[in-house]
Amino acid sequence: MNITTLGNYILPIVVFLIIGVALLKKIPLFDTFIEGAKDGILLGFQVFPCLLGMIFGINILLRSNLISNIFELFSPIFSFFNFPKEILPLALIRPISGNASFAMMIDIFKNYGVDSYLGRIAAVMQGATDTTIYVISLYFGSIGIKNIRYALKAGLFADFITLMISVLLISLIF
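Residues numbered from 1 in each chain as written. Predicted model: local features only at pLDDT ≥ 70, side-chain atom pairs only at ≥ 80, totals over all residues. Heavy atoms only, no water.

## A short note on a nonpolar patch on the surface
And step 1. A surface patch of nonpolar side chains, about 910 Å² in accessible area, is lined by Phe157, Phe160, Ile161, Ile165, Leu168, Leu169, Leu172, Ile173 and Phe174.
And step 2. Along the chain, isoleucine 173 falls in helix H8 (residues 149-173). (Patch = residues over 30% accessible without salt bridge, like charges linked within 9 Å, V, L, I, M, F, W, Y side chains within 5 Å. Areas by Shrake-Rupley, 256 points an atom, 1.4 Å probe, with all protein chains shown as cover. Salt bridge = Lys/Arg side-chain N within 4 Å of Asp/Glu carboxyl O. Helix = DSSP H or I, 4+ residues; strand = E, 2+ residues; numbered from the N terminus.)

Laid out in structure tokens, this is it:
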């Protein structure tokens, strides 16, 4: 049996195990499933406004020239630290959107190569940082937390340090 065949059987086995345990414990399986589905739909409705607002804000940010203006504003600082300007779009978008930053990383791969200096930096950045603003707005907004200042500061600071360390490590290793 190869790994693909095994992978095809894992989910049905888990489902049958859950059904078996529920039957042994005499848990009303269908009623519990319906209750969980209702809770999932309610959670989706609670999260949707936060997600919609985030998507709207990201689209406004990406469609305006604000990003290019930010690049020019911070360009001297990044040049001082030998931070490659080709990585700036990825560095600025990564805390906001995982999908947009992934697309930018793929673009860097296509233009410079996966094993290039910039490709390696992009890969480390993508893997080592988080979508801080997205996570804070979605999760904090969905549970009603309004005071996010410390979480935002700590998250963005951690992202900044991680971005700088990724450039430093790739420069030292390769």
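## Some details on the packing of aromatic side chains
And step 1. This structure, assessed with the given rule, holds zero aromatic pairs.
And step 2. Against the face of phenylalanine 174 rests arginine 120, its NZ or CZ located 3.8 Å from the ring centre. (Phe/Tyr/Trp six-rings, centres within 6.5 Å; stacked < 30°, edge-to-face > 60°. Lys NZ or Arg CZ within 6 Å of the ring centre and 35° of its normal.)

## Structural notes on the nonpolar core
And step 1. Formed by 25 residues in total, the largest nonpolar core has its most connected members in Phe83, Ile87, Ile108, Ile121, Ala122 and Met125.
And step 2. The set of elements that each furnish at least two residues to this core consists of helix H2 (29-63), helix H3 (66-80), helix H4 (88-93), helix H5 (98-112), helix H6 (117-128) and H8.
And step 3. Discounting residues that sit within four places of it in the chain, isoleucine 87 has contacts with Ile108, Leu118, Ile121, Ala122 and Met125. (Core = buried A, V, L, I, M, F, W, Y, C linked by side-chain atoms within 4.5 Å. Buried < 20%, exposed > 50% of the residue type's maximum accessible area, 1.4 Å probe, protein only. Contact = heavy atoms within 4.5 Å.)

## Points about the packing of helix H7 (residues 132-143) against H8
And step 1. Packing of H7 against H8 leaves a shortest axis separation of 9 Å and a crossing angle of 155°. In terms of their interaxial angle, H7 and H8 are classed as roughly antiparallel. Both H7 and H8 take part in a crossing whose hand is right-handed. Where H7 approaches H8, its residues Thr132, Ile133, Ile136 and Phe140 are matched on the opposing element by Ala151, Leu152, Gly155, Leu156 and Asp159.
And step 2. Considered class by class, the residues forming the contact of H7 with H8 number six nonpolar, two polar and one charged. (Axes fitted to C-alpha atoms, helices over the stretch in contact; angles between N-to-C directions. Parallel < 35°, antiparallel > 145°, perpendicular 65-115°, else oblique. Left-handed = near helix turned anticlockwise from the far one by under 90°. Nonpolar A, V, L, I, M, F, W, Y, C, P; charged D, E, K, R; others polar.)

## Some points on the environment of leucine 92
And step 1. For leucine 92, the position within the fold is in helix H4.
And step 2. Separated by 74 residues in the primary sequence, leucine 92 and serine 166 have C-alpha atoms spaced 14 Å apart.

## Quick notes on the confidence of the model for the protein
And step 1. On average, residues of the protein score 86 in pLDDT, and 99% of them are at 70 or above.
And step 2. Confidence, read as mean pLDDT per element, is least for H3 in the protein (79) and greatest for H6 (93). (pLDDT = per-residue confidence, 0-100.)

## Some points on the layout of surface pockets
The probe, sized like a water molecule, is rolled over the atoms to show the empty space still left.
And step 1. Considered as a void within the structure, the largest pocket measures approximately 320 Å³ in volume.
And step 2. Lining the largest pocket are 14 residues, and of these Ala91, Leu92, Pro95, Leu156 and Leu163 sit closest to its centre.
And step 3. Sorting the residues of the lining of the largest pocket by element identifies H3, H4 and H8 as the ones contributing at least two each.
And step 4. A per-class count over the lining of the largest pocket returns 13 nonpolar, no polar and one charged.
And step 5. By volume, the second largest pocket amounts to about 180 Å³. (1 Å grid on protein atoms, 1.4 Å probe; cavity = no way out; pocket = protein on both sides within 12 Å on 5 of 7 lines; lining within 4 Å. Points joined across faces, edges and corners; volume = space filled by probe spheres on them.)

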